[in-house]
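The lines below spell out each chain.
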Amino acid sequence: MAVAPPSYCFVAFPPRAKDGLVVFGKNSARPRDEVQEVVYFSAADHEPESKVECTYISINQVPRTHAIVISRPAWLWGAEMGANEHGVCIANEAINAREPAAETEALLGMDLVRLGLERGATAKEALDVIVALLEEHGQGGNYYEDANSCHSFQSAYLIVDREEAWVLETVGKYWAAEKITEGVKCICNQLSLTTKIDAEHPELRSYAQSQGWWTGEDEFNFSEVFSPADDHLTCCSGKDTLEKQEESITVQTMIDVLRDKASGVCVDSESFLTTASAVSVLPQNRSSPGIHYFTGTPDPSRSIFKPFIFVDDVKLVPKAQSPCFGDDDPAKKEPRFQEKPDRRHELYKAHEWARAVLESDEEQGQKLRKTMLELEKQGLEAMEEILTSSDPLDPAEVGDLFYDCVDTEIKFFK
């Protein structure tokens, strides 16, 4: 069975998070050479009976999809993490469970992240969308762009809005979910739900009994019942890192946690790397906008978090998008992945230079890192002003926010 790399996602609610803000963060640990792109899709109306082509299968489209911004491995349709115009944020984790994931091509966990964002205006709505699609289409297929072997996983999701979060954990079509409205929560690539279950698949318990995994007499503990026998719950180092924060959790706190290599939250190993990161801040006061920060580049400790705000007229950012290969894409042709095209976008290529400098030249690297953090700080301070201002947001001012940040970063690296 493929081993899932330890990705992490976090959420912090007031009063642990500062000033009535909900703070969400995610590190995406993926194969080292995989490129992630950051893509915006505007809200759209769709023809009756039209289909949407996901990574491996097509499913029925809905009449209207919400505007979304996502970070995704460039070869697939879905998303590792993202947000929609209604302030819903979702990230997923690849999970190993007692029951191996199907290799048969169906929906990927990452497809379900995007579908939840496109179709859910609240965290609970997004959860309902994901579990209904799971029931109808199942999950399965290769998680990696790898022709040599199929790496398939079950999935867990952290689904967050301004009021609440849901941790959704799935095994095949079966699932359990816990609602969270306070404190901090971390999920990673192991099942974490225990006896507090606020929603579940109607046949979850009878299925566990039929497999001989639960007697029906002991208290039902989801992760004990469904985790692999050799699974030792070690992945909450992330939660400890966040809980240890003595002060209120801010965007900066979340960024620092995602950059932490010592705790293992920021993955940099022989096979895996944190290939992209995201942080979102959702003010509980609805008159303030949600702000979503994306790196679009690998290794958050060597990347700049750049802000995005939803307005009606968002300027697209081709420099953070990978080249499109259309129907010739080896990920779309069967047998799949017979070759690996160069999926690097302009931001990724510019950032490769920065990574090389940071790794090799101590003096130049320190200077560069200082300037990168300065650039990021300017963005964070400008966003802080937007959040604390009593003036309404001027859409014209922020429509090209992410575009300008990416542009500045590329120029700076050159």
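All figures in this text were calculated on a predicted structure; none of them were measured in a lab.

Draft legend 1. Fine view of the overall build of the protein chain. If you tally the helices and strands in the protein chain, you get 10 helices and 18 strands. In terms of its C-alpha atoms, the protein chain occupies a principal-axis envelope of roughly 60 × 50 × 50 Å. Here the protein chain, with 414 residues, has 58% of them falling under the buried criterion. For the protein chain, the share of sequence-separated contacts (at least 6 apart) that also reach a separation of at least 24 residues comes to 68%. Counting every atom, the protein chain has about 17,600 Å² of accessible surface; 46% of that belongs to carbon and sulfur.

Draft legend 2. Main features of the environment of Ala 74. Among the structural elements, Ala 74 can be located in the loop between β8 (68-73) and β9 (81-84). Accessibility expressed as a relative area gives 13% for Ala 74, which makes it buried. Spatially, the C-alpha atoms of Ala 74 and Cys 89 are 20 Å apart, while their sequence positions differ by 15 residues.

Draft legend 3. Spatial organisation of the sheet that holds strand β10 (residues 89-95). In space, the eight strands of this open sheet follow the order β3-β8-β9-β10-β11-β12-β13-β15, with antiparallel pairing throughout. Looking at the sheet topology across the chains shown, the edges are occupied by β3 (36-41) and β15 (199-200). Where helix α2 (residues 123-137) meets the sheet, its contacts fall on β10, β11 (154-160), β12 (165-171) and β13 (174-180), and the angle it forms with β12 comes to roughly 10 degrees.

Draft legend 4. Structural detail: helix α6 (residues 251-258). Within α6, six of the eight residues are buried, which leaves the element mostly enclosed by the surrounding structure. Within the sequence span of α6, burial applies to Val 251, Thr 253, Met 254, Ile 255, Val 257 and Leu 258. Regarding α6, its N-cap is Thr 250, as a side-chain oxygen of that residue lies 3.2 Å from the backbone nitrogen of Gln 252 further along.

Draft legend 5. Main features of the environment of Ser 303. As for its placement among the helices and strands, Ser 303 is situated in the loop between β17 (291-294) and β18 (306-308). In this structure the C-alpha to C-alpha distance between Ser 303 and Ala 156, which are 147 residues apart in sequence, comes to 26 Å. Once residues lying within four places of it in the same chain are set aside, the contact partners of Ser 303 are Arg 259, Thr 295, Thr 297, Pro 298, His 351, Met 372 and Glu 376.

Draft legend 6. Up close: the packing of helix α7 (residues 346-360) against helix α10 (residues 401-413). Direction vectors running N to C along α7 and α10 enclose 40 degrees, while the axes themselves pass 9 Å from each other. Our classification of the angle between α7 and α10 gives oblique. Crossing handedness for the pair α7 and α10: left-handed. Between α7 and α10, the contacting residues are Glu 346, Leu 347, Ala 350, His 351, Trp 353 and Ala 354 on the first element and Val 406, Glu 409, Ile 410 and Phe 413 on the second. For the contact of α7 with α10, the per-class residue count stands at seven nonpolar, one polar and two charged.

Draft legend 7. Expanded view of the packing of aromatic side chains. Counted under the stated rule, the structure contains 16 aromatic pairs. Judged by centre distance (6.1 Å) and plane angle (90 degrees), the ring pair of Tyr 207 and Trp 213 falls under edge-to-face. Here Tyr 207 and Trp 213 have matching classes, each one buried. With 5.5 Å between their ring centres and 40 degrees between their planes, Phe 412 and Phe 413 make a pair best called tilted. The class for Phe 412 is partly exposed, based on a relative accessible area of 27%. Through a chain of ring-to-ring contacts, the aromatic side chains of Tyr 174, Tyr 207, Trp 213, Phe 222 and Phe 226 assemble into a single cluster. Over the ring of Trp 166 we find Lys 124, and its NZ or CZ is 5.8 Å from the ring centre.

Draft legend 8. How the structure looks around the sheet that holds strand β16 (residues 272-283). Read from one edge of the open sheet, six strands run β14-β1-β2-β16-β17-β18, paired in antiparallel fashion. Here the strands that pair on one side only, and so sit at the sheet edges, are β14 (184-187) and β18. Direction aside, the axes of adjacent strands within the sheet are offset by 15 degrees on average. Of the pairings in the sheet, the one linking strand β2 (residues 21-31) to β16 comprises 11 bridges and is antiparallel in character. Within β16, the position partnered with Leu 21 by the bridge is Pro 283. Taken strand by strand, helix α8 (residues 362-388) contacts β2, β16, β17 and β18, and its axis lies near 170 degrees from that of β17.

Draft legend 9. Seen up close, the pattern of salt bridges. Enumeration according to the criterion identifies 32 salt bridges in this entry. A salt bridge links Asp 299 to Lys 261; the shortest N-O distance between them is 2.7 Å. Note that Asp 299 is positioned in the loop between β17 and β18 and Lys 261 in the loop between α6 and β16, a separation of 38 residues in sequence. A single network of salt bridges, built from pairs that share partners, joins Arg 32, Lys 261, Asp 268, Asp 299, Arg 302 and Glu 359.

About the cut-offs
Residues numbered from 1 in each chain as written. Predicted model: local features only at pLDDT ≥ 70, side-chain atom pairs only at ≥ 80, totals over all residues. Heavy atoms only, no water. Helix = DSSP H or I, 4+ residues; strand = E, 2+ residues; numbered from the N terminus. Buried < 20%, exposed > 50% of the residue type's maximum accessible area, 1.4 Å probe, protein only. Contact = heavy atoms within 4.5 Å. Areas by Shrake-Rupley, 256 points an atom, 1.4 Å probe, with all protein chains shown as cover. Pairing = 2+ DSSP bridges. Axes fitted to C-alpha atoms, helices over the stretch in contact; angles between N-to-C directions. Polar contact = N/O pair within 3.5 Å; in protein donor to acceptor, adjacent residues only side chain to side chain. Parallel < 35°, antiparallel > 145°, perpendicular 65-115°, else oblique. Left-handed = near helix turned anticlockwise from the far one by under 90°. Nonpolar A, V, L, I, M, F, W, Y, C, P; charged D, E, K, R; others polar. Phe/Tyr/Trp six-rings, centres within 6.5 Å; stacked < 30°, edge-to-face > 60°. Lys NZ or Arg CZ within 6 Å of the ring centre and 35° of its normal. Salt bridge = Lys/Arg side-chain N within 4 Å of Asp/Glu carboxyl O.

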